[in-house]
Amino acid sequence: MDTTSAIRLYGVGLGPGDPLLVTLAAVRALEDAALIIAPTSHARQVGRAEQVVRELLPDREVLRVPIPMDPGDVGVLARRRVVREFIQQHHLVLEAAGSCAFVTLGDPVLYSTFSLFVEALSAERIPVTPEVIPGIPAFLSLAGLTTSNLLDNDERLHLVPGTAGVRAIRDALCDRGSAVVIYKLASNFAAVRSLIAAMGRQEGTVVGLELGTDQMQIIALADAPEAVPYFATLIVPVQRDGR
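Residues numbered from 1 in each chain as written. Predicted model: local features only at pLDDT ≥ 70, side-chain atom pairs only at ≥ 80, totals over all residues. Heavy atoms only, no water.

Draft legend 1. Region of interest: the sheet that holds strand β9 (residues 217-220). Strand order in the open sheet formed by five strands is β6-β7-β10-β8-β9, with mixed pairing between adjacent strands. Unpaired on one side and paired on the other, β6 (156-161) and β9 mark the two borders of the sheet. Pairs of neighbouring strands in the sheet enclose a mean axial angle of 20 degrees, with direction left out of account. Together, β6, β7 (178-183), β8 (206-209), β9 and β10 (233-236) form the strand contacts of helix α5 (residues 138-145), whose direction differs from that of β10 by roughly 60 degrees. Relative to β10, helix α7 (residues 189-198) is tilted by about 10 degrees, and along the sheet it contacts β7, β8 and β10. (Pairing = 2+ DSSP bridges. Helix = DSSP H or I, 4+ residues; strand = E, 2+ residues; numbered from the N terminus. Axes fitted to C-alpha atoms, helices over the stretch in contact; angles between N-to-C directions. Contact = heavy atoms within 4.5 Å.)

Below you can see the structure in the form of structure tokens.
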């Protein structure tokens, strides 16, 4: 292979975890790619994105990238280091493949490690041509499952990670003409729930657990368990008609 050729890198969004919600474009990219790469918490563990790939294309091999998901700046630095080390270790495999699909739950440009992968390839001076295949975000899947009209007219949407801290979440909740979506709830769910209740926005708020899987649950905030997994999704609806 000509090593000066750019690697075609597909960032493939697989949606919330249900293979039926994977787009035709995503399936085509997976079929066309010579190599499929999937993030996971542990090298020996099948991650959620890999599970979807296995259901769609059971005969394809998947190269795993163990990525730590610690919060804060320390977590960001750790992820950058791990992905960079992965690229250094596997660059010959990537170059030989020529085309790779990096799979991710949701969408590749929404809280995804895909950007770190592109960044690491560029840092290692490996030519790459990235292409994003959009996926259905978890909050849209949850809104559809609850048959809620998420936004109308001039209403707004705030998407906030739970790791952003109380002030950022409070600022979003203060805009009562907006729906507020909160991701990354595992580390501080109790504090987020208390804040939503204190600000009078608990009514109609739902939590989606294990969306797209056989273990899926959609629960009113008041009935949610004390702790939730990393991929939990929460929607605070718009307060309409002065409520």
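Draft legend 2. The arrangement of the pairing of β10 in detail. The side-chain alternation of β10 yields two buried faces, one formed by Thr233 and Ile235 and the other by Leu234 and Val236. Sheet topology places β8 next to β10; three bridges connect them, and they run antiparallel. Each bridged residue has a counterpart across the sheet, and for valine 207 the counterpart in β10 is leucine 234. (Buried < 20%, exposed > 50% of the residue type's maximum accessible area, 1.4 Å probe, protein only.)

Draft legend 3. Molecular detail of unusual backbone geometry. A positive phi angle, close to 50 degrees, is found at tyrosine 111, a residue other than glycine. Structurally, tyrosine 111 is set in the loop between β4 (99-104) and α4 (114-123). When its relative accessible area of 38% is taken as the criterion, tyrosine 111 is described as partly exposed. Phi angles above zero are rare outside glycine, and arginine 125 is one such case at about 60 degrees. With respect to the element layout, arginine 125 can be found in the loop between α4 and β5 (128-133).

Draft legend 4. The arrangement of the pattern of salt bridges in detail. Per the stated rule, a full pass over the model turns up 10 salt bridges. Between arginine 84 and glutamate 124 there is a salt bridge whose closest N-O contact spans 2.3 Å. Placement of arginine 84 in helix α3 (residues 72-97) and of glutamate 124 in the loop between α4 and β5 is noted, with a sequence separation of 40 residues between them. One continuous salt-bridge network, built from bridges that share partners, spans Glu50, Arg54 and Arg64. (Salt bridge = Lys/Arg side-chain N within 4 Å of Asp/Glu carboxyl O.)

Draft legend 5. Molecular detail of the sheet that holds strand β2 (residues 35-40). Taken together, five strands build an open sheet; the order of strands is β3-β2-β4-β1-β5 and the sheet is parallel. Edge strands, defined here as strands with exactly one partner in the open sheet, are β3 (62-66) and β5. Direction aside, neighbouring strands of the sheet carry axes that sit 25 degrees apart on average. Relative to β3, β2 is paired through five bridges, and the arrangement is parallel. Paired with threonine 40 across the bridge in β3 is proline 66. Along the sheet, helix α1 (residues 24-32) makes contact with β1 (7-13), β2, β4 and β5, crossing β1 at roughly 145 degrees.

Draft legend 6. Looking closely at α4. Where α4 is concerned, the buried positions are Phe114, Leu116, Phe117, Val118, Ala120 and Leu121. Here the buried face of α4 lies against β1, β2, β3, α3, β4 and β5. Arginine 125 sits one or two residues past α4 and shows a positive phi near 60 degrees.

Draft legend 7. Inspection of helix α6 (residues 166-174) at higher detail. Among the residues of α6, those classed as buried are Ile169, Ala172 and Leu173. For α6, the angular spread of buried residues about the axis comes to 100 degrees, placing them on one side. (Arc of directions from axis to C-beta.)

Draft legend 8. How the structure looks around the layout of surface pockets. Estimates place the volume of the largest pocket at around 1200 Å³. Lining the largest pocket are 44 residues, with Met69, Tyr111, Lys184, Tyr230 and Phe231 sitting closest to its centre. Only β2, α2 (48-56), α3 and α4 provide two or more residues apiece to the lining of the largest pocket. Tallying contributions element by element places α3 first for the lining of the largest pocket, with four residues. Residues that form the lining of the largest pocket fall into these classes: 21 nonpolar, 16 polar and seven charged. (1 Å grid on protein atoms, 1.4 Å probe; cavity = no way out; pocket = protein on both sides within 12 Å on 5 of 7 lines; lining within 4 Å. Points joined across faces, edges and corners; volume = space filled by probe spheres on them. Nonpolar A, V, L, I, M, F, W, Y, C, P; charged D, E, K, R; others polar.)

From the geometry alone we can't say anything about function, so treat these as descriptive.
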